[in-house]
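Spelled out from the first residue to the last, the chains are:
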Amino acid sequence: MPDDAVRERSSHEAISSALADVNAVRPVFQPVIELGTGTVLGYEALARWPELPLLDLDSVFSTAADLGVVDDLDWACRTGAVDAALAAGMAQELCLFVNVEPHTTTGPTDAARRAFAAAEGRFSVVLELTERSLLADPAVLLAVVADGRRAGCRIALDDISVHPDTVTMLEFVAPDIIKLDRSLVQRDPNRAQARVIAAVRAHSEATGATVLAEGIETDEHLARAHSLGAVLGQGWLFGRPGPLPESVRTAPGALSILSEPVANSGLVPNLPSDLFELVAPSIGTKAFIRAISRQIEDHARDTNDSLALMSTFQHSRWFSPPVAEQYEFLATKHAFVAAVGVGLGGEPAPGVRGADLDPTEEFTREWTITAVGQHYFSALIARDLGDEDCADADRRFEFVHTHNRQLVVAAARSLMRRIIPM
């Protein structure tokens, strides 16, 4: 057996052994600093295994997925972090950053419920969504975010770099804190990274999200973090991961730098057409609606910015071979392209995400296309008025065509909840 294969097998066996008891995980903590004042704002909890200190975390969770214990491990990591912070007497004015798997499908364990209940009112909790496969199951991801917000937690999106998933999900997750990956902090940006930086700045300006720079190890990194618009930072320049200090205190009012946790938006439609209650629809023929739809698809074809593009086609017969070919091409350009309709299934074209609709549900009357990008927001939301005694092109729809950021994202979220997991 080749040496690499032997090492891989040995590593897998070591990780499997470590995961025999998921509760054996122990947290260490790294300070999060307000860059303007040097004040400690909080601590990020990082999972470690004392018996195997060199374990790679990505490998651990990959093996946990193979063993079917990701949810158990995730809750054990969360619980251990909160328990350790409670034991150290973490001050009320501090934040505890806790990493969360974006696709945890099981509810909290009894131990987790007790820990988080004990922490309520003691200190603030920030749930960090890790980069691992953010778009694998978007419906579960959005549910994890909603559950965290209902519990009063802030949400952070971790490791923003050039990975298309994290940039694409900025609008859908609407994080309170955006964490810039060390690759953006430790060297000058290339063109792709510059586009990401612009997207983060635009999102932060529009929403008030706080930017945190990771991997600050030198004064040069610190200067670059300031240039990136970061308000918070962490890295070896401020402290390496370790136990919490015996007295965990900070300057009064340190949390004022953060906005209050974002509440669940009032714009949470079950169907895109629910937005008709907020915006008065117009009336147009199918030919008119088709022209608007094609304009959005043309933009998606021509733009260099990554989009999340989602469409409904009522029935698979409207997802014709030329349309399927076009969406297959769009899926090669963009991080998330999806088509929903009766008979479409989970992958209606190569690379295109999908979902099959029940022919009896109200949603089959809708024709919707949404495009959410770094700087582009567009949605066409149309509902069939049921005309029968006319040519197909003359059938009428009531519709809303909007570039309003909040409305577009709300409509797109309602579609994303429908998409079948990868």
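Here the structure is a predicted model, which means the values were calculated and not measured.

**Q** Is there a simple way to explain the overall build of the chain in this structure?
**A** Secondary structure assignment for the chain yields 13 helices and 15 strands. Seen through its C-alpha atoms, the chain measures out along the principal axes to roughly 80 × 55 × 45 Å. Taken over 422 residues, the chain has a buried fraction of 52%. Accessible surface computed for the chain: about 18800 Å², of which carbon and sulfur atoms make up 51%. A gap of 2 Å separates the mean positions of the 36 positive and 58 negative side-chain charges of the chain.

**Q** Teacher, can you tell me more about the sheet that holds strand 7 (residues 210–213) here?
**A** Either a parallel or an antiparallel arrangement is found when strands of a sheet pair, and the pairing is made through backbone hydrogen bonds. With mixed pairing, 8 strands are arranged side by side around a closed barrel as 1-2-3-4-5-6-7-8. Against the sheet, helix 3 (residues 70–87) touches strand 1 (26–34), strand 2 (39–48) and strand 3 (95–100), its axis set at about 165° to strand 3.

**Q** Looking at this structure, I do not really get the sheet that holds strand 10 (residues 308–315). What am I missing?
**A** Taken together, the 7 strands give an open sheet; going across it, the order is 9-15-14-13-10-11-12, and neighbouring strands pair in mixed fashion. Looking along the sheet, the strands with just one partner apiece sit at the ends: strand 9 (282–285) and strand 12 (353–356). Strand-to-strand twist across the sheet, computed as the mean angle between neighbouring axes with direction ignored, equals 20°. Here strand 11 (residues 336–342) runs beside strand 12; their pairing, made up of 4 bridges, is parallel. When the sheet's bridge partners are listed, V340 is paired in strand 12 with A355. Seen against the sheet, helix 12 (residues 321–333) touches strand 10, strand 11 and strand 13 (366–372) and runs at an angle of roughly 160° to strand 10. Across the sheet, helix 13 (residues 405–416) touches strand 10, strand 11, strand 13, strand 14 (377–384) and strand 15 (396–402), and the angle it forms with strand 13 is around 115°.

**Q** I keep staring at the environment of R353 and nothing clicks. Help me out?
**A** Tracing the backbone through its elements, the reader meets R353 in strand 12. Linking R353 and V337, residues 16 residues apart in sequence, is a C-alpha distance of 6.1 Å. A distance of 3.4 Å separates a polar side-chain atom of R353 from the backbone oxygen of I420.

**Q** Help me understand the pattern of salt bridges, please; the structure alone is not making it clear to me.
**A** It is possible for side chains of opposite charge to pair when their charged atoms get near one another. Enumeration according to the criterion identifies 20 salt bridges in this entry. Ionic pairing is found between D298 and R301, a salt bridge with its closest N-O pair at 3.0 Å. Of this pair, D298 and R301 both sit in helix 11 (residues 286–302), 3 residues apart, which is roughly one turn of the helix. The exposure class of R301 is partly exposed, given its relative accessible area of 36%.

Each value, and the rule that gives it
- The residue numbering used here restarts from 1 in each chain and proceeds along that chain's sequence as written.
- Totals for whole chains, interfaces and linings use all residues, but because this is a predicted model, local features are given only for residues with pLDDT of at least 70 and pairs of side-chain atoms are given and counted only at 80 or more.
- To obtain the side-chain values, all non-hydrogen atoms of the structure were used and water was disregarded.
- Where helices and strands are cited, they refer to DSSP runs of H or I of at least four residues and of E of at least two residues respectively, numbered from the N terminus.
- With a 1.4 Å probe rolled over the protein chains alone, any residue whose accessible area is under 20% of its type maximum counts as buried; one over 50% counts as exposed, and the rest are partly exposed.
- Method for areas: the Shrake-Rupley scheme with a 1.4 Å probe, in which residue coverage is limited to the protein chains shown.
- Under the counting rule used here, the positive set is Lys and Arg, the negative set is Asp and Glu, and His together with the chain ends is not counted.
- A charge is said to be at NZ when it belongs to Lys, at CZ for Arg, at CG for Asp and at CD for Glu.
- Two strands qualify as a pair provided DSSP detects at least 2 bridges between them.
- Whether two residues are in contact is decided by their heavy atoms: any pair within 4.5 Å suffices.
- In this analysis, axes come from line fits to C-alpha atoms, helices being fitted only over the stretch in contact, and the angle between any two N-to-C directions falls in the range 0 to 180 degrees.
- Within 3.5 Å is the distance limit for a polar contact, defined as a pair of N or O atoms, with the added protein rule that one can donate a hydrogen and the other accept it, and that residues adjacent in sequence qualify only through two side-chain atoms.
- By salt bridge we mean one thing: a side-chain nitrogen of Lys or Arg within 4 Å of a carboxyl oxygen of Asp or Glu.

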